Amino acid sequence: MKKNIVLLIVIFMISCKQTTSNNDEIKVSKEIYESILKIELTQSDDLSKDKFLYAQMDEYMRSILNGNLDIVADYSYPDIQVWIDEKYPNMVNNREDFKKVFLEPMKKINELTKDKETKVEYEVGDITKRLHSVEGDTMVYLIVSSIIIKHKFEEIKNGDENVAVSFDGGKKWKLMIKDEEMTREILRYKFSDESINKLLN
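Below, the structure is looked at part by part. This one's a predicted model, so the numbers in the text were calculated from it and none came from an experiment.

Orientation of helix 5 (residues 79–87) relative to helix 8 (residues 180–187), taken along the N-to-C sense of each, is 105°, at an axis distance of 9 Å. Viewed along their axes, helix 5 and helix 8 adopt a mutual orientation that is roughly perpendicular. Contact with helix 5, carried on its side by Asp-79, Ile-80, Trp-83 and Lys-87, involves Met-182, Glu-185 and Ile-186 of helix 8 and no other residues of that element.

Take a look at the structure:
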């Protein structure tokens, strides 16, 4: 409610500006307007939605190993597409193009599994951070996942943290690999810098 009231005030201020307002004034007003729309997150100890994330992360990792591009694309955080469009125009024009982004790593996994003495497995690890919006409907978590390659008596384990985002109170999650620079740029479309710092620092 407080955010809505402030938003209305800003819209009113913008509408009351004289038509002679210069570009700098318009730019400042736009920045204020956009900053109000950014979602604020706080630390949370609520574990009640963990089971949903664990189950969906498990399906996501299993789909990567099985080469199921549709499910992997479905679980991918939507603003990845927005970021790609800005950084690499015309690279991804439709869903099929987006699915191809995941194709190369899947091919490498498939090549490894052709060797009968090599096994490729996955592991879903701990949730290392939980952030919620004040309203509780938006959640951003960090969760660990690993790809494990076993060949004869050798084992190589490669782990990553993943950013998991839910906008429906933790029922459905969208995912992306945590990368300091890329993650910050992608999350900035919807979340405040302060919230992103809480997640990444």
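Further notes follow.
Quick look at helix 3 (residues 50–66) now. Counted at 1.5 Å a residue, the expected span for helix 3 with its 17 residues is 24 Å, and the 24 Å between its end C-alpha atoms agrees. Along helix 3, the residues classified as buried are Asp-50, Leu-53, Gln-56, Met-57, Tyr-60, Met-61, Ser-63 and Ile-64. Within helix 3, the buried residues cover an arc of 155° as seen down the axis, which keeps them to one side. Across from the buried face of helix 3, at angles greater than 90 degrees, the exposed residues are Lys-51 and Asn-66. Close packing links the buried residues of helix 3 with helix 4 (69–75), helix 7 (103–113), strand 2 (118–133), strand 3 (139–151), strand 4 (154–166) and strand 5 (174–177).

Here we come to the packing of helix 8 against helix 9 (residues 193–200). Put simply, helix 8 and helix 9 touch, their axes get as near as 10 Å, and they point 145° apart. In the packing of helix 8 onto helix 9, the handedness of the crossing is right-handed. Where helix 8 abuts helix 9, its residues Glu-180, Thr-183, Arg-184 and Leu-187 lie against Ile-196, Asn-197, Leu-199 and Leu-200.

This brings us to unusual backbone geometry. We note that Asn-90 has phi near 70°; this positive angle belongs to a residue other than glycine. Looking at where Asn-90 falls in the secondary structure, it is placed in the loop between helix 5 and helix 6 (95–100). Taking relative accessible area as the criterion, Asn-90 reaches 64% and is therefore assigned exposed. Here Lys-152, not a glycine, exhibits a phi torsion of approximately 55°, which is positive. Tracing the sequence through the fold places Lys-152 in the loop between strand 3 and strand 4.

Moving on, we come to the pattern of salt bridges. Summed over all chains, the structure comprises 14 salt bridges. Across the pair Asp-70 and Arg-95 runs a salt bridge, and its minimum N-O distance is 3.6 Å. You can see Asp-70 sitting in helix 4 and its partner Arg-95 sitting in helix 6, a full 25 residues away along the chain. A relative accessible area of 35% means that Asp-70 is categorised as partly exposed. A salt bridge links Lys-190 to Asp-79; the shortest N-O distance between them is 2.8 Å. Taken together, the positions of Lys-190 in the loop between helix 8 and helix 9 and Asp-79 in helix 5 put the pair 111 residues apart, joining distant regions of the chain. For Lys-190, a relative accessible area of 33% puts it in the partly exposed group.

We now examine the packing of aromatic side chains. The tally for this structure, following the rule as stated, stands at four aromatic pairs. Ring geometry for Tyr-141 and Trp-173: centres 4.9 Å apart, planes at 50°, overall tilted. Of this pair, Tyr-141 sits in strand 3 while Trp-173 sits in the loop between strand 4 and strand 5, placing them 32 residues apart in sequence. Grouping residues by exposure puts Tyr-141 and Trp-173 together as buried. With centroids separated by 6.3 Å and ring planes inclined at 15°, the aromatic side chains of Phe-167 and Phe-191 adopt a geometry described as stacked. Of the two residues, Phe-167 sits in the loop between strand 4 and strand 5 while Phe-191 sits in the loop between helix 8 and helix 9, which places them 24 residues apart along the sequence. On the accessibility criterion, Phe-167 (37% relative accessible area) is partly exposed. Here Arg-130 stacks its cationic end above the ring of Tyr-141, 6.0 Å away from the centre of that ring.

Where nonpolar side chains cluster on the molecular surface, the patch consists of Tyr-88, Met-91 and Val-101 and spans about 290 Å² of accessible area. Inspection of the secondary structure assignment puts Tyr-88 in the loop between helix 5 and helix 6. With a relative accessible area of 43%, Tyr-88 lands in the partly exposed category.

Calculation criteria
- Residues numbered from 1 in each chain as written.
- Predicted model: local features only at pLDDT ≥ 70, side-chain atom pairs only at ≥ 80, totals over all residues.
- Heavy atoms only, no water.
- Axes fitted to C-alpha atoms, helices over the stretch in contact; angles between N-to-C directions.
- Helix = DSSP H or I, 4+ residues; strand = E, 2+ residues; numbered from the N terminus.
- Parallel < 35°, antiparallel > 145°, perpendicular 65-115°, else oblique.
- Contact = heavy atoms within 4.5 Å.
- Expected span 1.5 Å × (residues − 1).
- Buried < 20%, exposed > 50% of the residue type's maximum accessible area, 1.4 Å probe, protein only.
- Arc of directions from axis to C-beta.
- Left-handed = near helix turned anticlockwise from the far one by under 90°.
- Salt bridge = Lys/Arg side-chain N within 4 Å of Asp/Glu carboxyl O.
- Phe/Tyr/Trp six-rings, centres within 6.5 Å; stacked < 30°, edge-to-face > 60°.
- Lys NZ or Arg CZ within 6 Å of the ring centre and 35° of its normal.
- Patch = residues over 30% accessible without salt bridge, like charges linked within 9 Å, V, L, I, M, F, W, Y side chains within 5 Å.
- Areas by Shrake-Rupley, 256 points an atom, 1.4 Å probe, with all protein chains shown as cover.

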